[in-house]
2 protein chains.
Amino acid sequence: MNIYDVSEKAGVSIATVSRVINGNSKVSEKTKQKVLRVMEELGYTPNVFARGLGLNTMKTIGIMCADSSDPFLANAVYYLERELRKNGYDSFLCCTGYELKNKQNYLKLLLSKRIDALVIVGSYFLEANTKDNTYIMEAADEVPIMLMNGNLNKPNIYCTLCDDHQAVYDATSLLLNQGKKDILFLYTSKSYSSIQKLNGFKAALMDKLHTLKEENIHICPATIEGTRDLLLHLSMNGLKFNAVIAAEDILGVGAIKYAKLKGLSIPEDLSIIGYNNSLLATCCEPELTSVDNHVETLSITTVNTLMRVLNNQKAPNKTTISNDLVERYTTNF
Amino acid sequence: MNIYDVSEKAGVSIATVSRVINGNSKVSEKTKQKVLRVMEELGYTPNVFARGLGLNTMKTIGIMCADSSDPFLANAVYYLERELRKNGYDSFLCCTGYELKNKQNYLKLLLSKRIDALVIVGSYFLEANTKDNTYIMEAADEVPIMLMNGNLNKPNIYCTLCDDHQAVYDATSLLLNQGKKDILFLYTSKSYSSIQKLNGFKAALMDKLHTLKEENIHICPATIEGTRDLLLHLSMNGLKFNAVIAAEDILGVGAIKYAKLKGLSIPEDLSIIGYNNSLLATCCEPELTSVDNHVETLSITTVNTLMRVLNNQKAPNKTTISNDLVERYTTNF
DNA sequence: TTGTAGGCGTTATCAG
DNA sequence: CTGATAACGCCTACAA
């Protein structure tokens with residue numbers, strides 16, 4: 001079943017059928033209807049491969065992320081897919097895991113599929129070491145690259161991110177203002193956005209306290225138990241703290257579990273602020289105060305920018321979105 | 001840059017280059033090495049469209065689910081993608097939302113992309129009304145269809161599901177055995193697996209109690225607050241219950257929130273059992289006893305079966321996986 | 001407004 | 001083992 005079958009049955013040439021399919025050039029209303037009717041009858045669908053071969057595009061966007069089962073990334077993937085589809089694009093999803101080597105291989109694979117653009121859902125994707133990101137830079141020579149929550153400065157790379165620095169700066173300041181000076185900062189990896197958060201934390205401390213204890217900053221396993229145990233361990237070793245800022249909600253939940261185990265009352269003995277405002281934040285007890293970084297807005301903005309790029313319109317290389325604190329019961333501002 | 005460039009530079013015909021690329025037919029070691037070297041030098045990658053055009057396949061599997069941001073589905077998507085890629089297949093992800101009309105449209109779209117097979121992540125996907133599933137049945141005429149947590153009996157449809165009936169039967173029995181007779185059953189939709197769970201619930205009640213109260217069975221919004229409020233409402237209307245079986249963890253968490261609001265102690269006044277053993281189950285307080293339905297095993301099995309189908313090996317039309325109860329602190333068996 | 005014919009980059013079938 | 005050549009199905013000048 002192909003365009004020839006349709007053209008034959010409709011008594012026109014394949015060119016005319018093609019015109020009807022693509023709807024741009026002029027075709028008389030009468031023939032158009034006839035062709036449409038035949039296509040309907042035959043249940044004809046254009047072959048995307050043949051079409052792709054000529055046009056060298058299949059209207060497909062690659063999406064890469066480390067792990068689509070992470071609640072934040074899962075949301076991002078969901079919204080991205082939805083928005084892309086609204087614009088007539090499909091998406092190839094590709095979860096790479098956390099190893100650089102795999103990320104590089106998957107990127108190559110995706111490019112070989114002739115995707116029209118690549119969306120990288122940052123957070124865990126960008127390496128702290130700049131050199132390790134050259135493979136992304138190089139890919140930008142082939143297709144536009146959209147970075148969600150990441151920042152690389154190069155033509156054809158478009159970044160959409162939330163102002164993590166500011167958000168953590170503000171959160172930290174709120175705690176400091178109410179006299180909570182022994183604040184722990186927990187994060188899971190040296191991703192771009194983690195570094196931003198960390199810097200926001202440090203900046204607030206320096207501004208208000210003019211001092212900074214490195215022993216209050218910890219990389220932490222991305223699990224509830226792991227976080228709980230780390231805090232337990234730190235506390236046993238004599239570290240004093242009365243607040244925790246977590247770079248992810250799951251770490252915040254871990255901190256709650258720690259407080260419970262130690263019989264600390266929240267937020268009096270221990271204030272806790274999470275990040276992402278995910279489902280986890282409303283699930284725990286007490287419910288977690290968390291920074292909402294607007295995944296949906298972030299995703300929509302990313303796709304909108306991408307569409308501008310693909311349509312050869314001017315598009316900003318960097319878009320920053322502000323985020324806000326959703327206060328629940330692990331703080332009392 | 002195409003196969004001609006390579007053939008010219010290597011001094012062989014395009015046929016030979018093609019053979020080297022595909023590695024099946026016999027090529028002398030010497031020419032093979034020469035061709036490989038040239039391909040490397042030129043950085044040549046075969047054009048997937050041209051290839052697809054000839055072979056009429058692009059080694060791509062469609063994945064449909066209602067909402068990839070649902071924790072259970074997010075996990076399923078993650079594992080499916082990983083397993084498919086291991087087998088050299090890419091995946092098109094497609095989140096349809098919950099409306100039948102959209103599901104139908106997306107399915108058509110996916111088929112028009114010439115996917116090699118379709119994986120439908122069931123749960124919310126199958127309609128209670130059999131007629132509403134005919135579009136899936138029809139699709140099975142075109143490509144193999146894998147149903148995860150769904151059941152449709154037709155050639156070329158392969159179902160992988162967990163024994164939800166048994167799991168809920170067992171859970172209910174445990175509660176009954178310890179004298180908890182007023183058990184509420186909460187679920188969110190009339191999906192195939194929901195019905196299985198419900199039937200398991202009913203069967204256990206009939207077997208042990210020889211009676212069944214319809215007012216103890218409720219469809220419930222899939223949110224924490226929605227569940228909490230529903231229970232509050234039921235209780236205010238005089239309904240007595242001392243246990244809740246939830247068809248999803250999130251409903252279980254809602255029940256916990258309800259208990260907290262009412263000052264009930266868990267599990268003494270109210271026992272709660274969730275379903276899916278998702279992150280939510282360890283996040284709440286007390287942690288939720290939950291049925292683990294082994295998403296990972298389910299996903300792996302689905303892909304393994306699919307690979308058999310695609311390789312024309314015999315494959316079972318229905319595979320059932322058992323699941324087990326993970327006891328935490330919302331029950332005391 | 002419509003039709004013809006060439007090209008897109010592979011793979012596969014034949015001969016050699 | 002290797003090479004020429006015909007598909008594969010569509011799009012798009014160019015011609016009519």
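Source: prediction; values computed, not measured. (Residues numbered from 1 in each chain as written. Chains lettered and ligands numbered in written order. Predicted model: local features only at pLDDT ≥ 70, side-chain atom pairs only at ≥ 80, totals over all residues. Heavy atoms only, no water.)

### Some details on the protein's contact with DNA strand C
For step 1, the next point in the chain: Surveying the vicinity of DNA strand C reveals 27 residues, the closest of which are Thr16 and Arg19 of chain A together with Ile3, Ser18 and Tyr44 of chain B.
For step 2, the next point in the chain: Of all DNA strand C atoms lying within 4 Å of any protein atom, the proportion belonging to sugar or phosphate reaches 64%.
For step 3, the next point in the chain: Backbone polar atom of serine 13 of chain A to a phosphate oxygen of DNA strand C: 2.9 Å apart, as the coordinates give it.
For step 4, the next point in the chain: Here a base nitrogen of DNA strand C and a backbone polar atom of alanine 50 of chain B are 3.5 Å apart. (Near = heavy atom within 4 Å. Polar contact = N/O pair within 3.5 Å; in protein donor to acceptor, adjacent residues only side chain to side chain.)

### Some remarks on the relation of the copies chain A and chain B
For step 1, the next point in the chain: By a simple turn and slide, chain A fits onto chain B: the slide is 0.0 Å along the axis, the RMSD is 0.2 Å, and the turn is 180°. Taken together, the turn and the small shift mark the pair as related by a two-fold rotation axis.
For step 2, the next point in the chain: With an isologous cut-off of 70% or more, the 100% of interface residues of chain A that recur at the interface of chain B puts this contact in the isologous class. (Least-squares fit on C-alpha atoms with pLDDT ≥ 70 in both. Contact = heavy atoms within 4.5 Å.)

### Examining the UniProt feature "domain: HTH lacI-type" (unreviewed entry) in chain A
For step 1, the next point in the chain: According to UniProt, the feature "domain: HTH lacI-type" (unreviewed entry) maps to residues 1-55 of chain A in the numbering used here.
For step 2, the next point in the chain: Note that residues 1-55 of chain A is 71% helix and 0% strand, and that its end C-alpha atoms are spaced 21 Å apart. (UniProt positions renumbered as here; feature names shortened; annotations may be inferred. Helix = DSSP H or I, 4+ residues; strand = E, 2+ residues; numbered from the N terminus.)

### Description of the sheet that holds strand E9 (residues 271-275) of chain A
All names here are of chain A.
For step 1, the next point in the chain: A sheet is described by the order of its strands in space; here six strands give the open sequence E7-E6-E8-E9-E10-E12, paired in mixed fashion. The open sheet terminates on both sides in strands that have one partner only, identified here as strand E7 (217-219) and strand E12 (324-326). Direction aside, the axes of adjacent strands within the sheet are offset by 20° on average.
For step 2, the next point in the chain: The pairing of strand E6 (residues 183-187) with E7 spans three bridges and is classified as parallel. Each bridged residue has a counterpart across the sheet, and for leucine 186 the counterpart in E7 is histidine 218.
For step 3, the next point in the chain: Taken strand by strand, helix H10 (residues 224-236) contacts E6 and E7, and its axis lies near 145° from that of E6. (Pairing = 2+ DSSP bridges. Axes fitted to C-alpha atoms, helices over the stretch in contact; angles between N-to-C directions.)

### Considering the protein's contact with DNA strand D
For step 1, the next point in the chain: Of all residues adjacent to DNA strand D, which total 27 residues, the nearest are Ile3, Ser18 and Tyr44 of chain A together with Thr16 and Arg19 of chain B.
For step 2, the next point in the chain: Take the atoms of DNA strand D that sit within 4 Å of the protein: sugar and phosphate atoms are 64% of them.
For step 3, the next point in the chain: Interatomic distance of 3.1 Å between a backbone N/O atom of asparagine 47 of chain A and a phosphate oxygen of DNA strand D.
For step 4, the next point in the chain: At 3.0 Å from a phosphate oxygen of DNA strand D is found a main-chain nitrogen or oxygen belonging to serine 13 of chain B.
For step 5, the next point in the chain: With five residues, helix H2 (residues 14-22) of chain A is the single largest residue contributor to the surface near DNA strand D.
For step 6, the next point in the chain: Here the residues of the surface near DNA strand D are counted per class, giving 14 nonpolar, nine polar and four charged. (Nonpolar A, V, L, I, M, F, W, Y, C, P; charged D, E, K, R; others polar.)

### A look at helix H8 (residues 164-177) of chain B
Residues and elements named next belong to chain B.
For step 1, the next point in the chain: Spanning 14 residues, H8 covers 20 Å between terminal C-alpha atoms, matching the ideal 20 Å at 1.5 Å per step.
For step 2, the next point in the chain: All of the buried residues in H8 are Asp164, Ala167, Val168, Tyr169, Ala171, Thr172, Ser173, Leu175 and Leu176.
For step 3, the next point in the chain: Here the buried face of H8 lies against strand E5 (157-162), strand E6 (183-187), helix H9 (192-209), strand E8 (243-246), strand E9 (271-275) and strand E10 (289-292).
For step 4, the next point in the chain: One or two residues past the end of H8 sits glycine 179, with phi positive at roughly 90°. (Expected span 1.5 Å × (residues − 1). Buried < 20%, exposed > 50% of the residue type's maximum accessible area, 1.4 Å probe, protein only.)

### Notes on the pairing of E8 of chain B
Residue and element names in this part refer to chain B.
For step 1, the next point in the chain: Side chains of E8 alternate between two faces, with Ala243 and Ile245 and Val244 and Ala246 buried alike.
For step 2, the next point in the chain: Where E6 meets E8, four bridges bridge the pair, whose relative direction is parallel. Across the sheet, residue isoleucine 183 finds its bridge partner in E8, namely alanine 243.
For step 3, the next point in the chain: In the classification by handedness, the crossover that spans E8, the intervening helix H11 (residues 249-262) and the parallel E9 is right-handed. (Right-handed = clockwise from strand over helix to strand, strands pointing away.)

### Describing the nonpolar core
If you look at soluble globular proteins, the nonpolar side chains tend to sit buried side by side.
For step 1, the next point in the chain: Grouped together as the largest cluster of nonpolar side chains are 62 residues, with contacts concentrated most on Leu84, Val121 and Leu306 of chain A together with Leu84, Val121 and Leu306 of chain B.
For step 2, the next point in the chain: Setting aside residues up to four positions removed in sequence, leucine 84 of chain B forms contacts with Ile61, Ile63, Tyr89, Ser91, Val303, Leu306 and Met307 of chain B.
For step 3, the next point in the chain: Counting 52 residues, the second-largest nonpolar core is a separate cluster that includes Leu184, Leu230 and Ala246 of chain A together with Leu234 of chain B. (Core = buried A, V, L, I, M, F, W, Y, C linked by side-chain atoms within 4.5 Å.)

### Observations regarding unusual backbone geometry
Generally, phi is negative for residues other than glycine and the peptide bonds are trans, each holding for most cases.
For step 1, the next point in the chain: Look at the link from glutamate 285 of chain A to proline 286 of chain A: it is a cis peptide, with omega at -5°.
For step 2, the next point in the chain: Cis geometry marks the peptide bond from isoleucine 266 of chain B to proline 267 of chain B, where omega comes out at 5°.
For step 3, the next point in the chain: Within the fold, proline 267 of chain B resides in the loop between H11 and E9.
For step 4, the next point in the chain: Although it is not a glycine, histidine 210 of chain A sits at a positive phi angle of roughly 55°.
For step 5, the next point in the chain: Relative to the assigned elements, histidine 210 of chain A resides in the loop between helix H9 (192-209) and E7.

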